[in-house]
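# Examination of the molecular architecture
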Amino acid sequence: MVWICNKCGREFRNKNQWHSCYTVGIEDHLAKRPDEIREIFHALLDRCAEFGEIEVIPVKSSIQFRSGAVFLSLKIKKDKVELEFQLPEEWNDPRILKSVKISGKRVFHAAVIKEISEVDEVLLGRIKESYGLIARG
C-alpha cells in the first residue's frame, strides 16, 4: 500500500514515513560543480534508466533514484559523488566507505566516486542489484 504525503505529494511505502518535504532542482545540486562531477551524475542517471522505469527525486540533501522505493541516493559534493544503496550482503570494494547490516537480508553501503572511470560495470552491476532488491520489497 502506498502512502502519499499531503504536503509534498511524494509517495512512500510506509504511512507517515519520515522525510523532508523540502525539494530543490537537479541543476541546483549540480550548480558550480566541476564537469567531472556532472559527468558522473549523468552517467549514473543514464545507466540506471536502463534498469527499467525509475523516478528521480531531488531533495534538499541528495538526488534519489526510486523504483517503488529509493534504490540509490546521490549526494553531489564539490569534488566527489557520495552514493548510498543496499545489497543483500557486504560488498568489499575500495569505493565503499561504510557497510552496515540493517537487517538479515540487507546491508547498507556508502561509497564515494571521484572520477568517471569509477562508474564501471562492476559498480553498475551492484547498483542494478540494489534496484532489484528494492523493487522486490
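Up top is the structure.
A brief report on the enclosed structure follows. Being a predicted model, the structure only gives us computed values, none of them experimental.

The strand order across the open sheet formed by six strands is β3-β4-β5-β6-β8-β7, and the pairing between neighbours is antiparallel. Looking at the sheet topology across the chains shown, the edges are occupied by β3 (55-58) and β7 (96-103). The mean inter-strand angle of the sheet, taken between neighbouring strand axes irrespective of direction, is 20°. The pairing of strand β5 (residues 69-76) with strand β6 (residues 81-87) spans four bridges and is antiparallel. Counterpart to Lys75 in the pairing with β6 is Glu82. Strands in contact with helix α2 (residues 35-49) are β3, β4 (63-67), β5, β6 and β8 (106-113); relative to β5, the strand with the most contacts, it is inclined by about 170°.

This structure, assessed with the given rule, holds ten salt bridges. The structure contains a network of salt bridges with shared partners spanning Arg47, Glu50 and Glu121.

Our next topic: the nonpolar core. Counting 29 residues, the largest nonpolar core has Phe65, Phe71, Leu72, Leu74, Leu83 and Ile127 as its most contacted members. Residue assignment for this core shows that the elements contributing at least two residues are α2, β4, β5, β6, β8 and α3 (121-136). The contact partners of Phe71, leaving out residues within four places of it in the chain, are Cys48, Phe51, Ile54, Phe65, Arg66, Glu84, Phe85, Ile127, Ser130, Tyr131 and Ile134.

Tracing the chain through its elements places Leu74 in strand β5. We classify Leu74 as buried; its relative accessible area is 0%. Separated by ten residues in sequence, Leu74 and Glu84 place their C-alpha atoms 6.6 Å apart. Sequence-distant contacts of Leu74, defined by excluding residues within four places in its chain, comprise Phe41, Leu44, Ser62, Ile63, Phe65, Val81, Glu82 and Leu83.

Here we take up the pairing of β4. The side chains of a regular strand alternate between the sheet's two faces. The element β4 is largely enclosed, with a buried count of five among its five residues. Side-chain alternation along β4 places Ile63, Phe65 and Ser67 on one buried face and Gln64 and Arg66 on a second face that is also buried. Relative to β4, β3 runs antiparallel, the two sharing four bridges. Across the sheet, the residue bridging to Pro58 is Ile63, located in β4. Hairpin connection between β3 and β4: a loop of four residues separates the two successive antiparallel strands.

Once that is clear, we can look at the side chain of Ser62. Its location among the elements puts Ser62 in the loop between β3 and β4. Given the relative accessible area of 3%, Ser62 is considered buried. Once residues within four sequence positions are removed from consideration, Ser62 is found in contact with His29, Ile57, Ser73, Leu74 and Lys75.

Quick notes on the rules
Residues numbered from 1 in each chain as written. Predicted model: local features only at pLDDT ≥ 70, side-chain atom pairs only at ≥ 80, totals over all residues. Heavy atoms only, no water. Pairing = 2+ DSSP bridges. Helix = DSSP H or I, 4+ residues; strand = E, 2+ residues; numbered from the N terminus. Axes fitted to C-alpha atoms, helices over the stretch in contact; angles between N-to-C directions. Contact = heavy atoms within 4.5 Å. Salt bridge = Lys/Arg side-chain N within 4 Å of Asp/Glu carboxyl O. Core = buried A, V, L, I, M, F, W, Y, C linked by side-chain atoms within 4.5 Å. Buried < 20%, exposed > 50% of the residue type's maximum accessible area, 1.4 Å probe, protein only.

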